[in-house]
Amino acid sequence: KGSLRLNPPMLFAIGFDPNPAKVELYLSFENMALGNARATVRILHPTGAVLRRLTLDAIPGKNSTPLNVQELPTGWYLLEMQLNGERQVVKWVKQD
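Scope of this entry: the structure provided in the associated data block.

How each quantity is defined
Residues numbered from 1 in each chain as written. Predicted model: local features only at pLDDT ≥ 70, side-chain atom pairs only at ≥ 80, totals over all residues. Heavy atoms only, no water. Helix = DSSP H or I, 4+ residues; strand = E, 2+ residues; numbered from the N terminus. Pairing = 2+ DSSP bridges. Axes fitted to C-alpha atoms, helices over the stretch in contact; angles between N-to-C directions. Core = buried A, V, L, I, M, F, W, Y, C linked by side-chain atoms within 4.5 Å. Buried < 20%, exposed > 50% of the residue type's maximum accessible area, 1.4 Å probe, protein only. Polar contact = N/O pair within 3.5 Å; in protein donor to acceptor, adjacent residues only side chain to side chain. Phe/Tyr/Trp six-rings, centres within 6.5 Å; stacked < 30°, edge-to-face > 60°. Lys NZ or Arg CZ within 6 Å of the ring centre and 35° of its normal. Contact = heavy atoms within 4.5 Å.

Attention now moves to unusual backbone geometry. The amide bond that connects D17 to the next residue, P18, takes the cis arrangement and shows omega of -5°. Looking at where P18 falls in the secondary structure, it is placed in the loop between β1 (12-17) and β2 (24-31). Here the residue pair N19 and P20 is connected by a cis peptide bond, since its omega of 15° sits within 30 degrees of zero. Position of P20 relative to the elements: it lies in the loop between β1 and β2. One non-glycine residue, N84, lies in positive phi territory at about 55°.

Structure representation (C-alpha cells):
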C-alpha cells in the first residue's frame, strides 16, 4: 500500500519588479497567514555575503515595498525572504 505525501501549504508568495532593476526593486508578497507577521528580507551577493537586511511588517494579504538598489554594482543578486517560518530565495539582476 502506498502513502500519499502532501507538501505543506505555502504561507507566503513573493514577487518583484522590474527585473533587471536600476534604481528601485519593488518587492511584493502575500502573507497567507491569518494574522500580522514580521518579514525578514536580505539582499545577498552571489558569494552569500549579506549586503542589506531589513525587517518589514506584514499584514494578512498583499504587501509591497520599494527597495532602493541604486548603489549596488551591476550584476546578479539573491533576495531572501523569511516569513511565517518559511524561507524563499529569488535571483534578480541590477543594471546601470
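Turning next to the sheet that holds strand β6 (residues 75-83). Pairing within the open sheet is antiparallel, and its 4 strands lie in the order β4-β3-β6-β7. Either end of the sheet is taken by a strand with one partner, and the two such strands are β4 (50-58) and β7 (86-94). On average, each strand axis in the sheet is inclined to that of its neighbour by 20°, with strand direction left out of account. Direction of pairing for strand β3 (residues 37-44) relative to β4: antiparallel, over a ladder of 8 bridges. From the neighbouring strand, T40 faces β4, where its bridge partner is T55.

Further remarks concern the nonpolar core. One finds F29, L79 and W92 to be the most contacted residues of the largest nonpolar core, which totals 20 residues. Of all the elements in the fold, those that place two or more residues in this core are β2, β3, β4, β6 and β7.

The next subject is the side chain of N31. Note on placement: N31 falls in strand β2. A polar atom in the side chain of N31 sits 3.2 Å from the backbone oxygen of G35.

This next bit is on the pairing of β3. Across the 8 residues that make up β3, a large majority, 6, are buried. Turn length for the β3-β4 hairpin, with the two strands adjacent in sequence and antiparallel, is 5 residues, and the turn residue G48 shows positive phi of about 100°. Across 5 bridges, β3 lies against β6 in antiparallel orientation. From the neighbouring strand, L44 faces β6, where its bridge partner is L78.

Aromatic rings considered in pairs are described by the distance between their centres and by the relative angle of their planes. Overall, the coordinates contain 1 aromatic pair when judged by the stated rule. The cationic tip of K91 hangs over the ring face of W76; the distance from NZ or CZ to the ring centre is 4.5 Å.

Inspection of the secondary structure puts P60 in the loop between β4 and β5 (61-68). For P60, the residues in contact, after removing those within four places along its chain, are N31, A33, L34, G35 and N36.

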